[in-house]
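Architecture and fold: a report
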Amino acid sequence: MNTLFNTTFESDEASHYQNEVHLQPQTYELQESNVNLKLTVVHTVGFGDQINKEESFKPILDYIDAQFERYLQEELKIKRSLFNYHDSRIHICLYFIAPTGHSLKSLDLVTMKKLDSKVNVVPIIAKADTVSKSELHKLKIKIMSELVSNGVQIYQFPTEDEAVTEINASMNAHLPFAVVGSLEEVKVGNKMVRARLYPWGSVQVENENHCDFVKLREMLLRVNMDDLRDQTHDRHYELYRRCKLEEMGFKDSDSDSKSFSLQETYEAKRKEFLVELQRKEEDMRQMFVNKVKETEAELKEKEKVLHDRFEQLKRLHQDEKRNLEEKKRELEEEMNAFNRRKVAAETLMGHGLQGCSQQPFKKDKDKKNFFSLPSACSLTSGRNLN
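Residues numbered from 1 in each chain as written. Predicted model: local features only at pLDDT ≥ 70, side-chain atom pairs only at ≥ 80, totals over all residues. Heavy atoms only, no water.

1. A few points about the confidence of the model for the protein
Spelled out, the test is: Values of pLDDT, ranging from 0 to 100, describe the predictor's confidence in every residue of the model. Residue contacts follow a heavy-atom distance rule, with two residues in contact if any of their heavy atoms lie within 4.5 Å.
Mean pLDDT over the protein stands at 84; residues scoring 70 or higher make up 88%. Segment residues 367–386: pLDDT under 50, and zero contacts once partners within four positions in sequence are set aside and those in other chains are kept.

What follows is the structure, encoded as structure tokens:
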């Protein structure tokens, strides 16, 4: 872009580690001689850097549609000011293709197919000095063949105007353009030219034998700038506008049909919207009722489970209580039996002690009788002797 407009645009270099695609629009006021140009450059930061590239083109489409929507809203105003309106619609997409020599990637085909109905797509082979002339020619043929076979409609320079028919026809044969960019000036011969220096020589940016940069600049800025704007308005914007108005309920009236009425269309669309709103409200109400019923059923089921659990615990508690009471009764019986045995034992011990206390007196008495017997015997024997 710096080489194309011979200007150094202030833009920070973006990294290749973005989580998703971001679009960075920057607007510049350019002036050359008496010509003023308001240029908006939109960088697609992070495009093709993600592992999953399935939705890489979506932010670009959303941005283009957003600019169409802004213009449509301005156009639908009661008091319009389109003559001084800053047109932010995208008039051209320079789609850069990597000079790998392996033709287009799947992401390139899918993205250009999505973009061809919304913006003028011009394919460009970047860094064309890394490919030899023979390989570059084969690569161009292969790219155009794949675009045609996949139904991608790129921008074709118009050939209806006799003044530009010949030059545009020849330029269409050079698509896609192979370009080289550089702001570095190098002395070649007796003049200073913009070129890229290499150990083996230099590649001049504005030398048509080296690259197609001059052809690209001529086609975009000098010959077909007005046609690019007309194509954007008459083709891409009108397609978006028609689809948008059809969504809003507007239709074109035929000569045989009833004349078009904006009020009737508005009323019909309003009724349709109210019916749809009522239907959604009824669906939400029914959904709420069903949800409440499901919740009540779940609560009842949980309540039943809790009740069954309570009854089970209650039965277990009663069984444990019954077992404890039975054990208590057995322990009381054992205590009573123990007490009875204890009393009987104490009674027996009492009787035994009393018997032991009376036995000495009996022995003394027996001893007394024993000692009286000899005297009696002696008396008897003496009398018998006498």
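2. Examining the layout of surface pockets
Filter applied, for reference: For cavity detection a 1 Å grid was placed over the protein atoms alone, and a set of points counts as a cavity when a 1.4 Å probe fits there but cannot get out; an open set counts as a pocket when protein lies on both sides within 12 Å along at least five of seven lines, with lining residues being those that have an atom within 4 Å of a point. Grid points are joined across faces, edges and corners, and a volume is the space filled by probe spheres set on the points. Only runs of H or I of at least four residues qualify as helices and only runs of E of at least two qualify as strands under DSSP, and these elements are numbered from the N terminus. Side-chain classes are defined by residue name, with Ala, Val, Leu, Ile, Met, Phe, Trp, Tyr, Cys and Pro counting as nonpolar, Asp, Glu, Lys and Arg as charged, and the others, Gly among them, as polar.
Each pocket or cavity is described by its volume, and for the second largest pocket that value is around 410 Å³. Looking at the second largest pocket, it is lined by 21 residues, and the ones nearest its centre are Lys133, Leu136, Asn209, His210 and Cys211. If you tally residues by element for the lining of the second largest pocket, the top one is helix α4 (residues 133–149), at six residues. For the lining of the second largest pocket, a count of residues per class yields eleven nonpolar, four polar and six charged.

3. A few points about a nonpolar patch on the surface
Inclusion rule: Exposure above 30% relative accessible area and the lack of any salt bridge qualify a residue for a patch; like charges then connect within 9 Å, and the nonpolar side chains Val, Leu, Ile, Met, Phe, Trp and Tyr within 5 Å. Residue burial considers only the protein chains on display, and all accessible areas are found by Shrake-Rupley using a 1.4 Å probe. Salt bridge, as used here: a side-chain nitrogen of Lys or Arg that lies within 4 Å of a carboxyl oxygen of Asp or Glu.
A contiguous nonpolar surface patch, about 290 Å² in accessible area, is contributed by Phe273, Leu274 and Leu277. With respect to the helices and strands, Phe273 occurs in helix α8 (residues 262–385).

4. Some words on the pairing of strand β1 (residues 22–32)
Keep this limit in mind: By definition, two strands form a pair when at least two bridges between them are found by DSSP.
For β1 and strand β2 (residues 35–45), the ladder comprises eleven bridges, and the chain directions are antiparallel. By the bridge assignment for β2, Gln31 is matched with Asn36.

5. Description of helix α2 (residues 58–75)
Selection rule: Each helix should span, by expectation, one fewer than its residue count multiplied by 1.5 Å. Burial classification: accessible surface area is computed with a 1.4 Å probe over protein chains only, and a residue below 20% of its type maximum counts as buried, one above 50% as exposed, and the rest as partly exposed.
When the terminal C-alpha atoms of α2 are compared, their 26 Å separation across 18 residues agrees well with the 26 Å that a helix rising 1.5 Å per residue should span. Those residues of α2 lying buried are Ile60, Leu61, Tyr63, Ile64, Gln67, Phe68, Tyr71, Leu72, Glu74 and Glu75.

6. Here's the deal with the sheet that holds strand β8 (residues 201–204)
Our working definition: Comment: axis = line fitted to C-alpha atoms, over the contacting stretch for helices; angle = value between 0 and 180 degrees taken between N-to-C directions.
The strand order β6-β7-β8 describes an open sheet built from three strands, whose pairing is antiparallel. Each having just a single partner strand, β6 (185–188) and β8 make up the two edges of the open sheet. Averaged over all adjacent pairs, the angle separating strand axes in this sheet is 65°, with direction ignored. Sheet topology places β6 next to strand β7 (residues 191–198); four bridges connect them, and they run antiparallel. Across the sheet, the residue bridging to Lys187 is Met192, located in β7.

7. Things to note about unusual backbone geometry
The step from Leu175 to Pro176 runs through a cis peptide bond, and the omega angle for that step is -10°. Mapped onto the fold, Pro176 is located in the loop between α5 (165–172) and β5 (177–178). The phi torsion at Asn6 lies on the positive side, around 50°, for a residue other than glycine. The topology assignment puts Asn6 in the loop between α1 (2–5) and β1. A positive phi angle is found at Lys127, which is not glycine, with a value near 50°. We classify Lys127 as exposed; its relative accessible area is 60%.

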